[in-house]
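Descriptive analysis of the structure
Chain by chain, the residues:
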Amino acid sequence: MDNELHLLEKKLFTLFEHTRALRMANEALRRDLARAREENQALSKRTQAASVRLEALLSRLPEVKS
């Protein structure tokens with residue numbers, strides 16, 4: 001009986017350790033995802049601004065007649 005309890009205790013400890021490791025990994029992934037979303041939003045704004053500038057430059061070019 002003591003051996004079975006000891007084995008159960010080891011299994012529970014292992015389960016708790018895996019749970020803790022997964023929780024920490026999940027938190028790290030959430031931080032990485034938040035950072036990636038912020039970077040994506042910033043890049044999207046920069047792309048939009050570049051597109052507006054490019055359109056303004058194109059509108060200044062004289063039309064070419066063939």
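Right above here is the structure, for reference.
Quick notes on the rules
- Residues numbered from 1 in each chain as written.
- Predicted model: local features only at pLDDT ≥ 70, side-chain atom pairs only at ≥ 80, totals over all residues.
- Heavy atoms only, no water.
- Helix = DSSP H or I, 4+ residues; strand = E, 2+ residues; numbered from the N terminus.
- Rg over C-alpha atoms; globule rule 2.2 N^0.38 Å.
- Buried < 20%, exposed > 50% of the residue type's maximum accessible area, 1.4 Å probe, protein only.
- Salt bridge = Lys/Arg side-chain N within 4 Å of Asp/Glu carboxyl O.

**A short note on the overall build of the protein**
Check the secondary structure of the protein and you find one helix and zero strands. The C-alpha radius of gyration of the protein comes to 29 Å, more than 25% above the 11 Å expected for a compact globule of 66 residues. Taking the principal axes of the C-alpha coordinates as reference, the protein spans close to 95 × 20 × 5 Å. The 66 residues of the protein split such that 0% are buried.

**Structural notes on the pattern of salt bridges**
Tallied over the full model, the rule gives two salt bridges. Between Arg20 and Glu17 there is a salt bridge, and its shortest N-O distance comes to 3.3 Å. Linking Arg20 with Glu17, this pair stays in helix 1 (residues 2–60), spanning three residues, or about one helical turn. Take Arg20: its relative accessible area is 43%, and that puts it in the partly exposed class. Accessibility expressed as a relative area gives 32% for Glu17, which makes it partly exposed. The residue Arg35 makes a salt bridge to Asp32 at a minimum N-O spacing of 3.1 Å. Placement of the pair is Arg35 and Asp32 together in helix 1, with a separation of three residues, close to one helical turn.

Nothing here speaks to function; it is all geometry.
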